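# Remarks on the overall topology
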Amino acid sequence: MELIDGKQISEEIKKEIAVKTSAIIDAGGEPPHLAAILVGEDPASQTYVASKERSCKAVGITSSIYRYPANISEELLLEAVDFLNNDEEVNGFIVQLPLPKHINADKVLQRISPAKDVDGFHPVNMGRLALGLPSYLPATPAGIMLLLEKSGIETEGKHCVILGRSNIVGTPMSLLMSRKSNPGNSTVTLCHSKTKNLSEITRQADILIAAIGQPEFVKADMVKAGAVVIDVGIHRIEDSSEKGYHITGDVDFDAVAPKCSYITPVPGGVGPMTIVSLLLNTFKSFNKEIYF
Ligand code: NAP
């Protein structure tokens, strides 16, 4: 079994990004600029945004956070989105989810200019993804594609089973893995909560991608010997350790790992790649690589 070290792979890509950023600054230019809108005090959201800010700093990308109280009206939040859409100094921005219940998140995400939608959640970017056209790819699936590529994992003609059909992970992942590309060219099965005989399907997977949001759901008897297992889940489980918690994924790592050819750990697998993909998308926007 080989561990796919997302932390190390992400550090290597970050170094490459830092070199490009330095070159821009050395030539007298302004570095790319990523902004984030953060609404309310949700601790997980605060952690994610802080971590994105740290990663930007580490590679020389400018970052700014626009904080709003949880009781901000939808109208004012849409105005904040418009402001960033029109701010020529900002190359790309994200709206950290989840948003408070009184705000229609779809409406807010759809207000983001597709050209600045570095999270890749806008219908224009999702539609382009489905059609195989250039687009900003959602960060987590894009990060997984990079992990597969950098680890030299063969995907062509393989049966890829994806657990979970969310718009941010499972669905775009299924589109990318079935694309005529490398990585890609897989035969994809997309499973969800209404799937029958789930274990029978997962046992057929050459590549199993778990994104269902259930801690340690994937057990050893659900995995074929020699499979590649990618664990997208992140769960904070309270325990009696000094820290008071540990982080686990959607896969029962200790039981499943010995059966795999490759597996991602949690933490240190998919998570670090998600942020790197966001940085790469910001660079794409800076370079105007995608035409809208
Ligand atoms: P989500 O929106 O909650 O979607 C979960 C999906 O799993 C749904 O499609 C659901 O089916 C399916 N599902 C739930 N229980 C199931 C079951 N028992 N059997 C089969 N399918 C089941 O989750 P998400 O946003 O995609 O996130 C998934 C996990 O990845 C979470 O742990 C999240 O924290 C993590 N995550 C990690 C990163 C990262 O950077 N590493 C990024 C994003 C998310 P239905 O559609 O039928 O409800």
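## So, the pattern of salt bridges
For side chains bearing opposite charge, pairing can occur when the charged atoms are close. By the definition in use, this model includes five salt bridges. A salt bridge links D252 to K219, with the nearest nitrogen and oxygen atoms 3.5 Å apart. Within this pair, whereas D252 is found in the loop between β10 (245–248) and α9 (253–256), its partner K219 is found in the loop between β7 (207–210) and β8 (228–231), the two being separated by 33 residues in sequence. Look at D252 and you get buried, because its relative accessible area is 17%.

## Considering the environment of E89
Tracing the chain through its elements places E89 in the loop between α3 (74–86) and β4 (92–95). Residue E89 is classed as exposed on the basis of its relative accessible area of 61%. In the structure, E89 is positioned 197 residues away from F286 in sequence and 9.9 Å away in space, judged by C-alpha atoms.

## Here we look at the pairing of β8
Burial of β8 is two-sided: the residues V228 and I230 facing one way and the residues V229 and D231 facing the other way are all buried. Note that β7 and β8 share four bridges and pair parallel. From the neighbouring strand, A210 faces β8, where its bridge partner is D231. When β8 meets strand β11 (residues 262–263), the two strands line up parallel, connected through two bridges. Within the sheet, the bridge partner assigned to V229 lies in β11 and is I263.

## Some remarks on the packing of helix α1 (residues 6–26) against helix α6 (residues 139–150)
As a packed pair, α1 and α6 sit with axes 11 Å apart at the nearest point and diverge in direction by 95 degrees. Relative to α6, α1 is oriented roughly perpendicular. Across the interface between the two elements, G6, I9 and I13 of α1 pack against L146, L147 and K150 of α6. Of the residues in the contact of α1 with α6, the class split is four nonpolar, one polar and one charged.

## Comments concerning the site of the ligand
Lining the immediate environment of the ligand, one finds 22 residues, of which R165, S166, S193, V232 and T274 sit closest. Take H192: an N or O atom from its main chain is 3.4 Å from a nitrogen atom of the ligand. At a separation of 2.8 Å, an oxygen atom of the ligand approaches a polar side-chain atom of T274. For the shell around the ligand, the leading source of residues is helix α10 (residues 270–286), giving three residues. Residues of the shell around the ligand, tallied by class, amount to nine nonpolar, eleven polar and two charged.

## Quick notes on the sheet that holds strand β5 (residues 159–163)
Pairing is parallel in the open sheet, where six strands are placed in the order β1-β11-β8-β7-β5-β6. Each edge of the sheet is formed by a strand with only one pairing partner; in this case those strands are β1 (2–3) and β6 (187–191).

## So, the packing of aromatic side chains
Within a pair of aromatic rings, the relevant descriptors are the distance that separates the centres and the angle that separates the planes. Enumeration according to the criterion identifies three aromatic pairs in this entry. Note on Y136 and F292: the rings are 6.0 Å apart at their centroids and 20 degrees apart in plane angle, and the pair reads as stacked. With Y136 in the loop between α5 (123–131) and α6 and F292 in the segment after α10, this pair connects stretches of sequence that are 156 residues apart. For F292, a relative accessible area of 35% puts it in the partly exposed group.

## Looking at the packing of α5 against helix α7 (residues 170–178)
For any two helices packed against each other, one specifies the crossing angle of their axes together with the interaxial distance. As a packed pair, α5 and α7 sit with axes 9 Å apart at the nearest point and diverge in direction by 30 degrees. In terms of axis orientation, α5 runs roughly parallel to α7. The segment α5 lies against α7, with M126, L129 and A130 engaging P172, L175 and L176. Broken down by class, the residue content of the contact of α5 with α7 amounts to six nonpolar, no polar and no charged.

What counts and how
- Residues numbered from 1 in each chain as written.
- Predicted model: local features only at pLDDT ≥ 70, side-chain atom pairs only at ≥ 80, totals over all residues.
- Heavy atoms only, no water.
- Salt bridge = Lys/Arg side-chain N within 4 Å of Asp/Glu carboxyl O.
- Helix = DSSP H or I, 4+ residues; strand = E, 2+ residues; numbered from the N terminus.
- Buried < 20%, exposed > 50% of the residue type's maximum accessible area, 1.4 Å probe, protein only.
- Pairing = 2+ DSSP bridges.
- Axes fitted to C-alpha atoms, helices over the stretch in contact; angles between N-to-C directions.
- Parallel < 35°, antiparallel > 145°, perpendicular 65-115°, else oblique.
- Contact = heavy atoms within 4.5 Å.
- Nonpolar A, V, L, I, M, F, W, Y, C, P; charged D, E, K, R; others polar.
- Near = heavy atom within 4 Å.
- Polar contact = N/O pair within 3.5 Å; in protein donor to acceptor, adjacent residues only side chain to side chain.
- Phe/Tyr/Trp six-rings, centres within 6.5 Å; stacked < 30°, edge-to-face > 60°.

The quantities given are spatial measurements derived from coordinates; they are silent on function.
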